[in-house]
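# Summary of the model geometry
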Amino acid sequence: MSGELILRLDDVSRVHGEGATAVRALAGVTMDVHAGELVAVMGPSGSGKSTLLNVAGGLDAPTGGRVFIAGWCIGDLKGDALARLRRRRVGFVFQDLNLIPSLTAIENVALPLELDGRRVREARRMARAALQLVSVPELADRFPDKMSGGQQQRVAIARALVGDRRLVLADEPTGALDSHTGEEVLRVLRERCDAGAAGLLVTHEARHAAWADRVIFLRDGVIVDSTGTSAVAETLLGAAVV
Amino acid sequence: MSVKSALLALLAQEPTYGARLRAEFEARTGGTWPLNVGQVYTTVARLERDGLVKAAGAADEEGRISYRLTEAGRREVAQWWLSPVDRDSAPRDELAIKLALAVTVPGVDVRQVVQTQRTATLRHLQDLTRLKKHAGDQAPDGAGGADIAWLLVLENLIFSAEAEVRWLDHVEAMLAREASEPRRHRMDVPVASDDITLGRTAR
């Protein structure tokens, strides 16, 4: 993978609780996601998929190892700086509840830019461009309750990648959609990654994971396999397969 | 898969010769099940022997003979469309057999067998999805009949691969449940009927 390195997890661990009740959610996870790459994470319930996503996006802090976003080690950043990095570089797409109901599509997409200090007019212009990229410019003035589930997810992807944001972290983004609409959303995500974004997708659906360049399997917080053929994946395979 | 029935169905559309039959078959199924031309000629010869097709005329200047359906051939095709594909005589599934053996032969790391297969099937699914994306990019609107036929075959392969991954997930979950809550009443399998003491509980 020759694109710019956007996300790196270096020997990342996450333990919830302490002592006898400690639960190991992630153990020594090492992975890279480059610009232009969509990576899917699969694994049984409780394998650590969502923890991995939260740690990758700086929503949760690892108890061991380091996470780099766009070259910044997020463990070195304090509250405001971390929040700013997240606003500028990272977008999330969840299964539902992605959009603020009282804001139109364009207001939802422009929100992170406005929070980051951009002028409203400039933020709206960038938001309109982002909506255009996911092929729903006509939804700009519509409120979420007047959109279908698939349209809402497209708007969420636009918000995830608006402005300078290059990393989209998606947690079961098609979970609430019928299979055709879900596939359309995956197609949009794939297109945005082909255009230079980096994507990390958590899913339990093999059909959806298959849109990724690489599929990583987690079990008990450990990467046990990968469909990738990159040097990193080969190293992981050699080290982690039991 | 019945090559015979498929060739009859193609000939029902219009009379044609062997090489074109092969090309049509492969175009409509996206080359998923390649036929060699010898197989096509052999099948057509059998169909002619059985009175289902006959020559539509003399050979053309390149020596090719076109065939058309007889009345019996038309009935055969009509019957084929109306009959369900027989699923009772299911072909042996090597993966099912392999895993059935893996859980009963001591010393096999079944989880690893499952994972290895799941990774391979996911790779296959990725390849199929790329083909599908490519097909969608090529003809986003109003795909013609041949394109729809190819997409339909692709979807069939995607559904099969997806089902296999889901089944492997199911196997893994079953094994995890078995490991945490071993069933109390297992069937002891005697190795020999006259040596009942050798019966053991599979682990």
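These lines cover the structure that appears in this document, whether it is placed above or below. (Residues numbered from 1 in each chain as written. Chains lettered and ligands numbered in written order. Predicted model: local features only at pLDDT ≥ 70, side-chain atom pairs only at ≥ 80, totals over all residues. Heavy atoms only, no water.)

## Re the overall build of chain B
- Looking only at helices and strands, chain B features 7 helices and 2 strands.
- In sequence order, chain B lays out its α and β elements as α-α-α-β-β-α-α-α-α.
- Of all 203 residues assigned to chain B, the portion counted as buried reaches 27%.
- Long-range contacts, defined as pairs at least 24 residues apart, comprise 51% of the intrachain contacts of chain B with a sequence gap of at least 6.
- Surface summary for chain B: the accessible area is close to 13,500 Å², and the carbon and sulfur share equals 55%. (Helix = DSSP H or I, 4+ residues; strand = E, 2+ residues; numbered from the N terminus. Buried < 20%, exposed > 50% of the residue type's maximum accessible area, 1.4 Å probe, protein only. Contact = heavy atoms within 4.5 Å. Areas by Shrake-Rupley, 256 points an atom, 1.4 Å probe, with all protein chains shown as cover.)

## Structural notes on the pairing of strand β1 (residues 5-16) of chain A
All names here are of chain A.
- Pairing between β1 and strand β2 (residues 23-34): 8 bridges, direction antiparallel. Each residue of the ladder has a partner; that of Arg8, found in β2, is Asp32.
- Taking the residues that link successive antiparallel strands as the turn, the β1-β2 hairpin has 6 residues, and the phi of Gly17 there is positive, at about 80°.
- Bridge count for β1 against strand β4 (residues 64-69) is 5 bridges, and the pairing is antiparallel. Residue Leu7 lies in a different strand from β4, and its bridge partner there is Ile69. (Pairing = 2+ DSSP bridges.)

## Digging into the interface of chain A and chain B
- With 26 residues of chain A at the interface, the matching set in chain B holds 22 residues.
- Taken together, both faces of the contact between chain A and chain B bury some 1,900 Å²; the carbon and sulfur share is 49%.
- Between chain A and chain B we count 5 salt bridges in total.
- Between A:Arg207 and B:Glu162 there is a salt bridge, and its shortest N-O distance comes to 3.1 Å. (Buried area = accessible area lost by both parts, 1.4 Å probe. Salt bridge = Lys/Arg side-chain N within 4 Å of Asp/Glu carboxyl O.)

## With respect to the sheet that holds β4(A)
- The strand order across the open sheet built from 4 strands is β2-β1-β4-β5 (chain A), with neighbouring strands paired in antiparallel fashion. Among the strands making up the open sheet, the edge pair consists of β2 and β5 (72-73) of chain A.

## Thoughts on the packing of aromatic side chains
- Across all of its chains, the model carries 2 aromatic pairs over all chains by this definition.
- When the centroid spacing of 5.7 Å and the interplanar angle of 5° are considered together, the rings of A:Phe92 and A:Phe94 count as stacked.
- Look at A:Phe92 and you get buried, because its relative accessible area is 14%.
- By relative accessible area, A:Phe94 is classed as partly exposed at 32%.
- The side chain of A:Arg207 reaches across the aromatic face of B:Phe159, ending 4.4 Å from its centre.
- A cation over an aromatic ring shows up here: B:Arg64 above the ring of B:Tyr17, its NZ or CZ 4.3 Å from the ring centre. (Phe/Tyr/Trp six-rings, centres within 6.5 Å; stacked < 30°, edge-to-face > 60°. Lys NZ or Arg CZ within 6 Å of the ring centre and 35° of its normal.)

## Concerning the sheet that holds strand β6 (residues 90-93) of chain A
All names here are of chain A.
- What the 6 strands build is an open sheet, ordered β6-β7-β8-β3-β9-β10; its pairing is mixed. The sheet is open, and its two edges are formed by β6 and β10 (222-226), each paired on a single side. Direction aside, the axes of adjacent strands within the sheet are offset by 20° on average.
- Examined bridge by bridge, strand β3 (residues 38-42) and strand β8 (residues 198-202) share 4 bridges and lie parallel to one another. (Axes fitted to C-alpha atoms, helices over the stretch in contact; angles between N-to-C directions.)

## Describing the pattern of salt bridges
- Under the defined criterion, the tally for this structure stands at 31 salt bridges over all chains.
- Among the ionic pairs, B:Glu155 bridges to A:Arg207, the shortest N-O distance being 3.3 Å. In this pair, B:Glu155 sits in helix α7 (residues 145-180) while A:Arg207 sits in helix α7 (residues 206-209), so the two residues belong to two different chains.
- Take B:Glu155: its relative accessible area is 22%, and that puts it in the partly exposed class.
- Given the relative accessible area of 11%, A:Arg207 is considered buried.
- With a shortest N-O distance of 3.0 Å, B:Asp50 and B:Arg49 are connected by a salt bridge.
- Exposure remark for B:Asp50: the relative accessible area of 42% places this residue in the partly exposed category.
- The exposed category is assigned to B:Arg49, whose relative accessible area is 61%.
- Bridged by salt links that share partners, the residues A:Glu183, A:Arg207, B:Lys132, B:Glu155 and B:Glu162 form one connected network.

## Thoughts on unusual backbone geometry
Residue and element names in this part refer to chain A.
- Of note in this structure, Ser135 is not a glycine but carries a positive phi near 65°.
- Within the chain, Glu172 stands out as a residue other than glycine whose phi angle is a positive 45°.
- Structurally, Glu172 is set in the loop between β7 (167-171) and α6 (179-194).

## Notes on helix α2 (residues 18-28) of chain B
All names here are of chain B.
- Here α2 has its buried residues at Gly18, Leu21 and Phe25. Down the axis, α2 shows its buried residues gathered within 55° of arc, on one side only.
- Looking at the buried side of α2, the elements it contacts are α1 (3-13) and α3 (37-49).
- Count one or two residues on from α2 and you reach Gly30, which has phi positive near 65°. (Arc of directions from axis to C-beta.)

Take it as geometry only, folks, not as evidence of what the structure does.
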